[in-house]
Each structure stands twice: as C-alpha cells, then as structure tokens.
Amino acid sequence: MKKTKKTCYRGDSLKRSNKPVVLVRDTNAWCPFCERVWLALEEKAVPYDCVLIELYNKPEWYKELVPTSLVPAVSFSEDGAVVWESKDILLALEERFPHANPLLPTDEEEKQKALEFLVELEACGIDKTGYAFMTGGRMIGRSAGSAFDQPPPDMAELEAAFVKSLEWFEGSALSRHEGPYLLGAEFSMLDIMMISSLERIGAGLPKFRNFNIRSNPAYPNTAAWFAALAERPAYQKAEVAAAAASEKELQAAKNEAYDALQASAGDVVRDILAKSGVTRYQASPYGATTLSVNGHKPRVALPVREAVEKQVVRVMKALLLGSAGPKPDTSIAAAFGSVAAAFLRNRHQDCGQLGELSPAAAEQLSIACTQALTQSYADGVEALVFTPPEQGSAAAAASAEAAAKIKSNKDAIVDDILQKSGIARRGRRSGSTYVSINGNKSQVSPAVRNAVTFHLDRLTTLLLTGSAGPRVTEPEAAAVGAAALAFFRNRASAPRDMSAAATVQFRAACDAVLADTY
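Residues numbered from 1 in each chain as written. Predicted model: local features only at pLDDT ≥ 70, side-chain atom pairs only at ≥ 80, totals over all residues. Heavy atoms only, no water.

Student: I would appreciate a short explanation of the overall build of the chain in the present structure.
Tutor: When helices and strands are counted, the chain shows 18 helices and nine strands. Taking all 518 residues of the chain together, the buried fraction comes to 51%. Excluding contacts between residues fewer than 6 apart, the proportion of contacts in the chain whose partners are at least 24 apart in sequence is 72%. Element-wise, carbon and sulfur atoms account for 53% of the exposed surface of the chain, whose accessible area totals about 24,000 Å². (Helix = DSSP H or I, 4+ residues; strand = E, 2+ residues; numbered from the N terminus. Buried < 20%, exposed > 50% of the residue type's maximum accessible area, 1.4 Å probe, protein only. Contact = heavy atoms within 4.5 Å. Areas by Shrake-Rupley, 256 points an atom, 1.4 Å probe, with all protein chains shown as cover.)

Have a look at this one:
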C-alpha cells in the first residue's frame, strides 16, 4: 500500500493545500463520522491534508461553507467541490478515485447489491441501540436539568434492543458472505461505516455495562470482524493517530483549565465563600462561620478561608500533576474543602472567570474537582459510576441492601457524621454549629442535623428508585450535605456489615448525589 503524506493544520482556508483532498475534521479525533473519512483516505492511499476545527467553536467560514455546520467535510482540489456527510463523502471518494484501492465492488451489479446491504446495516440501528445501552438512554449532563431528577431508564429494555441489533449483525450481516468482513474476504466501505461507532461502543460497554462484544464467544463472527480490522495497517494508523491527537487535546484542555484557575484563584475562592453556603453569619440557623473582632465587620473565619484556598490548590494540582495530593489534615478542613470542590465542580461558571472555559476544559476541571472531592477524607480513592437499580438485577439487590442498612441505622449514621466529619464545631476559630435552646445544654443546630438527614434520604431514594429527587434550595443546606456525603462515602463506621457489592453501590450513589448537590 502506498504510504500517504499529509499535513494537519488549523485555519479558515482550504486553498493552501496542493493535495487532491482536504479533510475538515474535529480537533479531538474522536468523532466517528470523521473517522470514517479518515480511514477511507488511508485505505485508498489518496494524499490529503487536514484542517482541524473545534466542535464547540466552529469558525464562521466553516458555517458558511457547510450548511449543516457538522463535520466532516472535504474539499476536492480539482474543482473546489465541497462535500459533507460522511456517507456522501465516501461515495464521492469512490467516484473520483475509482482505481485507488476500491472500497466497493467494481462490478456494477455487485456494487448495487453492496449499497443495498449498506442500507440494511444502517436500518438495523446497532449504533443507536448500542449508544443508548452504553449511556443509559441519555448522555449525563446538566444542560437539561439534573439527570437524577428524571425517571430512571428501563435498562432491561435498552439492553434487549441492543442485543436484538447485535444478533442481527452477528447472524445475518456477518454470515452473509464467507470471510471476516461484511462483504466476505474483501474489506469495504461497509466495514468503515460500521466500525467507527462499534469500536466506541465496544470500548465503552465493558466499562459501563460489563458487556463485551469485541471478544465475546457468544458472538464469534463479530469477534472475528473486530480482529480482522485490528490487523489492517490503515486502521492501526488511524487508531494511533486518534490516540495521539486525543492525548494532545486532553492536555491542552487541562492546561486551559489550570491557567484559568490559577489566574483567577482569588476570585474563585471569593465566589465559593460567597455562594456555596460556606459563609454563614451569627443569625444563620446553620451556625456561624464568620467572626467579628473588636467590633469590626464580621469576616469569614481564617481556617474556613484557608480550607477553601487549599482545596482550590488541590484541584490545580490534579489538573497539573494528575493527583490532588494528600487529603486535608483536619476533619474541619476536609468538611469545608469538600464543599469547595463540590461547588466548583457543579457551578464553575459562577466562579471568577471560569465561565469562559471551553467545554473540554470545563470537563477536565470537573474531573479534577471530583478527584479532590472524593479524596477529601481518604487518600487514593476514586469516584465510582452508579448503576441504576433495574428490577431483578444484581445492582438492584445491592442497592436495596445498602438502602436498608442506611435506613435502619439512620440515627447512628447522622450522629457519626456530625461528630467526626468536621460539620459540628464548637470552637471560635472556625465558627460554631452548636446552639442552646431555652437555656438547655447546647446541641448541634437542628438545621444542620436536618440537612444531613435530608441528604441521607436523597441517597437512599437514589439507591431504591434510581432518582435522588429534588435538591435543597438553600446553599447552606447544600454545603452541609456535601460535607456529610463526602465523609460518609469514605469514613462510614455505621453500618459496618454491608456486602462488598452493596458497599460499591453505596459509594457510587454517594458520588452521584454529590454530583447533584448544587
């Protein structure tokens, strides 16, 4: 195979290239539709250049050039024609370069049969059912409200739909011709159209659903298809290039988040203190965190400010070094640090200039905040993905066990959290959450206790139903809840007798509710 040479650059012009084709694709090299064209060009050995554009910040020239504004698109140097939509581009490549390693049969009758087969493949919907099963029927995000405020998806139905598509792909599509590929012994455009999505589904399903399609003995034809594709030099090259490009973009996103956080660290700390519920005055039912010295205006207690500042630094370390470093050295610092990381993760747009971050940088900031939050009370632990409790599933049994243990031990758990998490404080240096009612012995403020109880109830509701229910509206209650769940996740001393499966599900549920606290 002739080795192609190419140069990838950013820009708003397609006229700089002297190659026959210019491919416009995404910067992160993870768009499956772009990969289709990329792989076809490599297989056909057609010389090409790349123009890279950001998916979330497409330049105006591209929007004017491509009516859909979607990627990919190609420009043909011979006549300046621009084609978009990946399938149309592949067909155009075959038409313009028919002798360069054809990806469709050269016989017209066989070519027509192949194109009709492709229509069947697209109609089977294995990409749609696969993505739906992998993501739980939706892509988790906050733009349309909290995912945990929505009805839980029927995972059994999503799995059944995917399995039906996979069985057709295995039993009908891949068995239609002799050989590992969809057209038998010959690699074709049909394989390119299918692999771009199925490789992503094949990578994600083992992690998120414990479902393997790449080497599953129940689907031997599918396994052989993946194996044959993995041996192709062009596919290997595209995979390596995609990985390198993804790593480069990942590091750029981390750098952007780090630089923005470092540049506005003071403003970020100020906004966390002002908006997260950490700053509380004497009249607050949640207890005060401000002190007034010699009649001056009340100011946030120094240990509280320092705890927030240090947690912001831990987030920066996670972005720069991949590790947030040791957990805070006191339970009080851990409590306030937990609040800072939880608020910064979910409300970064309200902190300093962080609202101007690109989506990729915002995602890396969220990941760093998650690490700092999860490791506020324990070193070396990682956040877990909560599995919705489908009826009759192992996850449902584990969730039910965890919820039952929490419910039956709720009073002991609340007391344990209050006594050991740093939420309940008497000293003046960090403010006090104790109150004396009608001259009786001082006790933890009822509002604080109620906030802890409320968040435990959200936790058990999520475990039992897959939905945590409404969030609190008072930031002070959210702050108490964030610290309570961060502590309970890693330092629970009651209940002690959960099974391993229930413990994993419990901790994953804590992470899920923490992600939904603000």
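Student: For this particular structure, what's the right way to read the environment of Lys310?
Tutor: One can find Lys310 in helix H11 (residues 302-321). Judged by relative accessible area, Lys310 falls into the exposed class, the value being 53%.

Student: Could you clarify how one ought to interpret the pattern of salt bridges in this entry?
Tutor: If charged atoms from side chains of opposite charge come close, those side chains can pair. Here the structure, examined in full by the defined rule, presents 23 salt bridges. Of the charged contacts, one joins Lys237 and Glu42 as a salt bridge, the two residues approaching to 3.3 Å between their closest N and O atoms. One end of the pair, Lys237, is in helix H9 (residues 233-263); the other, Glu42, is in helix H1 (residues 32-44), and 195 residues separate them in sequence. Lys237 sits in the partly exposed class, given a relative accessible area of 29%. Taken together, the salt bridges that share partners define one network made up of Asp267, Arg270, Asp271 and Lys275. (Salt bridge = Lys/Arg side-chain N within 4 Å of Asp/Glu carboxyl O.)

Student: Would you explain the state of the cysteines in this entry?
Tutor: The bond known as a disulfide is covalent and runs between the sulfur atoms of two cysteines. Taken as a whole and judged by the stated rule, the model has zero disulfides. Cys351 takes part in no disulfide bond, and the closest cysteine sulfur, belonging to Cys369, lies 8.7 Å away. Residue class for Cys351 comes out buried when judged on its relative accessible area of 0%. (Disulfide = S-S within 2.5 Å.)

Student: Looking at this model, I keep getting lost on the packing of helix H17 (residues 475-491) against helix H18 (residues 500-514). Mind explaining?
Tutor: In helix packing, the relevant descriptors are the interaxial angle and the interaxial distance, both defined with respect to the helix axes. Across the interface, H17 lies against H18 with an axial gap of 9 Å and an inter-helix angle of 160°. Considering their axes alone, H17 and H18 lie roughly antiparallel with respect to each other. Relative to H18, H17 is oriented so that their crossing is left-handed. Where H17 approaches H18, its residues Ala482, Leu485, Ala486, Phe488 and Arg489 are matched on the opposing element by Phe506, Arg507, Cys510, Asp511, Val513 and Leu514. (Axes fitted to C-alpha atoms, helices over the stretch in contact; angles between N-to-C directions. Parallel < 35°, antiparallel > 145°, perpendicular 65-115°, else oblique. Left-handed = near helix turned anticlockwise from the far one by under 90°.)

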